[in-house]
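# Residue-level structure breakdown
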Amino acid sequence: MKFFLISDNVDTKMGMRFAGIDGVVVHEEEEVRRELKSAMDREDVAVILMTERLVNLCPDLIYDLKLNRKHPLIVEIPDRHGNGRTKDSITKYVQDAIGVKL
């Protein structure tokens, strides 16, 4: 099983490539949705890494996939422009999943 990166910048893609993780660089919401659907349909991908900016382009789709699909796992990562606020995202997923404000 592999990791796959969907990034909004070449620097993140190159850094992950050095670690052996393949991926794509996209910038528009439609591109994000297309590449995410393609990665979700691949049998060999276990974890999809996505940069914060791209997750923010289509949060409704990401939340839905995280809550309703078991495979593959979607992980939001900060990039060089990110602020590292992934804790807030995780709290939101838990709130949506169990319906209780934390």
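Note that the coordinates shown come from a computational prediction; the quantities given were computed from them, not determined experimentally.

### Some details on the overall build of the protein
In terms of helices and strands, the protein carries five helices and four strands. Reading the secondary structure of the protein in the N-to-C direction produces β-α-β-α-β-α-α-β-α. Residues classed as buried in the protein amount to 34% of the 102 residues present. Considering only residue pairs separated by 6 or more positions, the protein has 65% of its internal contacts joining residues 24 or more positions apart. As presented, the protein carries roughly 6,300 Å² of accessible surface, and 53% of it is formed by carbon and sulfur atoms.

### Quick look at a nonpolar patch on the surface
A cluster of nonpolar side chains, Val 10, Met 14 and Phe 18, forms an exposed patch at the surface whose accessible area comes to about 350 Å². Within the secondary structure layout, Phe 18 lies in helix H1 (residues 10–18).

### Quick notes on the pairing of strand E2 (residues 22–25)
Relative to E2, strand E1 (residues 2–7) runs parallel, the two being bridged by four bridges. By the bridge assignment, Leu 5 is partnered in E2 with Gly 23.

### Here's the deal with unusual backbone geometry
Put simply, His 71 and Pro 72 share a cis peptide bond, and its omega is -10°. Along the chain, Pro 72 falls in the loop between helix H4 (59–68) and strand E4 (73–77).

### Focus: the side chain of Thr 51
Positionally, Thr 51 belongs in strand E3 (residues 45–51). Polar side-chain contacts of Thr 51 include one of 3.0 Å to the side chain of Asp 8. Sequence-distant contacts of Thr 51, defined by excluding residues within four places in its chain, comprise Ile 6, Ser 7, Asp 8, Thr 12, Ile 77 and Asp 79.

### So, the pattern of salt bridges
Tallied over the full model, the rule gives six salt bridges. In this structure, the salt-bridge partner of Lys 2 is Asp 44, at a minimum N-O distance of 3.6 Å. With a gap of 42 residues between them, Lys 2 in strand E1 and Asp 44 in the loop between helix H2 (29–41) and E3 connect regions that are remote in the sequence. Taking relative accessible area as the criterion, Lys 2 reaches 46% and is therefore assigned partly exposed. The class for Asp 44 is partly exposed, based on a relative accessible area of 26%. Through salt bridges with shared partners, a single ionic network connects Lys 2, Arg 42 and Asp 44.

Rules used throughout
- Residues numbered from 1 in each chain as written.
- Predicted model: local features only at pLDDT ≥ 70, side-chain atom pairs only at ≥ 80, totals over all residues.
- Heavy atoms only, no water.
- Helix = DSSP H or I, 4+ residues; strand = E, 2+ residues; numbered from the N terminus.
- Buried < 20%, exposed > 50% of the residue type's maximum accessible area, 1.4 Å probe, protein only.
- Contact = heavy atoms within 4.5 Å.
- Areas by Shrake-Rupley, 256 points an atom, 1.4 Å probe, with all protein chains shown as cover.
- Patch = residues over 30% accessible without salt bridge, like charges linked within 9 Å, V, L, I, M, F, W, Y side chains within 5 Å.
- Salt bridge = Lys/Arg side-chain N within 4 Å of Asp/Glu carboxyl O.
- Pairing = 2+ DSSP bridges.
- Polar contact = N/O pair within 3.5 Å; in protein donor to acceptor, adjacent residues only side chain to side chain.

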